[in-house]
Structures are given as structure tokens and as C-alpha cells.
Amino acid sequence: RERDEKMAGSKNDLVARLLQKRKPEILITRSRRCQYVPRVPSSNAAIVVALLLHHEPGTPPLNKDKIMMLAEETGISKDPMFGNGKSWYDGWSGLKDLSGGDPPLISVVKRKYALTTQPVGAAGIDVAKALHTLAHRQNLCRCGNYVADPS
């Protein structure tokens, strides 16, 4: 519970999870406060990491198509970002979770999207950095960047 890990499963699964490195603290804190935390791997995690890697704060925000393409390239989503053609669901379907909440992870202005930068230490950019670290730990991210593990 203290590590914000799943507590069900066989004894071997539980032990294996406990032997892994602890999640970044910001993810544990948000979860304890009942705030939304994207899971790795997921489409929402891929979206915030794509924004982290390809958008600088203070520059014009990105549009949906560009973000979807960049998120697909990260490799962090377990499902195709553009859907599988069999249903209406695609990787953008969970955006409401990212843009809602207090504080939201993504700001939306005229259908353009960027990570939030305030409040410092709890903003979308901070959560994105933690998710990026987690994706590298799980060997999912294909960005090619070295990510220093803060824990």
C-alpha cells in the first residue's frame, strides 16, 4: 500500500513487485490524494511523455494529430494510439482524465495541448518526467534519451 503497488496475485508476483524499485514519489503522492495517475503502459502515459519530449514550455502548444503521432512513436502505449479499427476507442479517448482534476496534467486552449507547469512539483510536466522514468525502467520508451533515475 505504501508503494502504491497492486496487492493481489500469487506470493511470487507480490515478492517480484516488492523487489522492484519504488515508483517516483510524485506518482505515489498523487495516488494517495485520489488524483489521476496514468498507468505505464497506457495511451495517457504515452501522451504526456510525448508532450514532455517534444514541447517546450512557452512555445505554441501542439495539436491532437501531432501528439497522437508522437505518442505512438514513444512505444509507451500498450494499444495502438490510432485504435485497432474495430471500435471507436483510440488513444485520445482518455484525454478528459488528463485535462480534468486539480491540478490538471494537460492544459487545453483552442484545441491545442501542453503540459501544465504549475504548481511546481505537482504539475503535468513533473508527472510526465516520473512516467518517463517508469517507462524506461520497464524498457518501453523508445526515445533514445538517457533518463537519470531520481530514486
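Residues numbered from 1 in each chain as written. Predicted model: local features only at pLDDT ≥ 70, side-chain atom pairs only at ≥ 80, totals over all residues. Heavy atoms only, no water.

So, the packing of helix α3 (residues 43–54) against helix α4 (residues 64–74)
Where α3 meets α4, the closest approach of the two axes is 8 Å, and the angle between their N-to-C directions is 100°. The angle between α3 and α4 places the two elements in the roughly perpendicular class. Contacts from Ala-46, Ile-47, Val-49, Ala-50, Leu-51, Leu-53 and His-54 in α3 reach Ile-67, Leu-70, Ala-71 and Thr-74 in α4. Considered class by class, the residues forming the contact of α3 with α4 number nine nonpolar, two polar and no charged. (Axes fitted to C-alpha atoms, helices over the stretch in contact; angles between N-to-C directions. Helix = DSSP H or I, 4+ residues; strand = E, 2+ residues; numbered from the N terminus. Parallel < 35°, antiparallel > 145°, perpendicular 65-115°, else oblique. Contact = heavy atoms within 4.5 Å. Nonpolar A, V, L, I, M, F, W, Y, C, P; charged D, E, K, R; others polar.)

A closer look at the nonpolar core
With 34 residues, the main nonpolar core has Ile-47, Ile-76, Ile-106, Leu-115 and Leu-131 as its most contacted residues. Of all the elements in the fold, those that place two or more residues in this core are α2 (25–32), α3, α4, α5 (95–99), β2 (112–115) and α6 (124–137). For this core, the leading source of residues is α3, giving eight residues. Other than its neighbours up to four places away in sequence, Leu-115 contacts Val-48, Leu-51, Leu-52, Leu-105, Ile-106, Gly-124, Ile-125 and Ala-128. (Core = buried A, V, L, I, M, F, W, Y, C linked by side-chain atoms within 4.5 Å. Buried < 20%, exposed > 50% of the residue type's maximum accessible area, 1.4 Å probe, protein only.)

Structural notes on empty space enclosed by the protein
Following the criterion strictly, the structure yields one cavity of 30 Å³ or more and no others. Its boundaries defined by the atoms lining it, the largest cavity holds a volume of some 40 Å³. Lining the largest cavity, in full, are Leu-51, His-55, Glu-56, Pro-57, Leu-115, Thr-117 and Ile-125. Residue classes in the lining of the largest cavity are distributed as four nonpolar, two polar and one charged. (1 Å grid on protein atoms, 1.4 Å probe; cavity = no way out; pocket = protein on both sides within 12 Å on 5 of 7 lines; lining within 4 Å. Points joined across faces, edges and corners; volume = space filled by probe spheres on them.)

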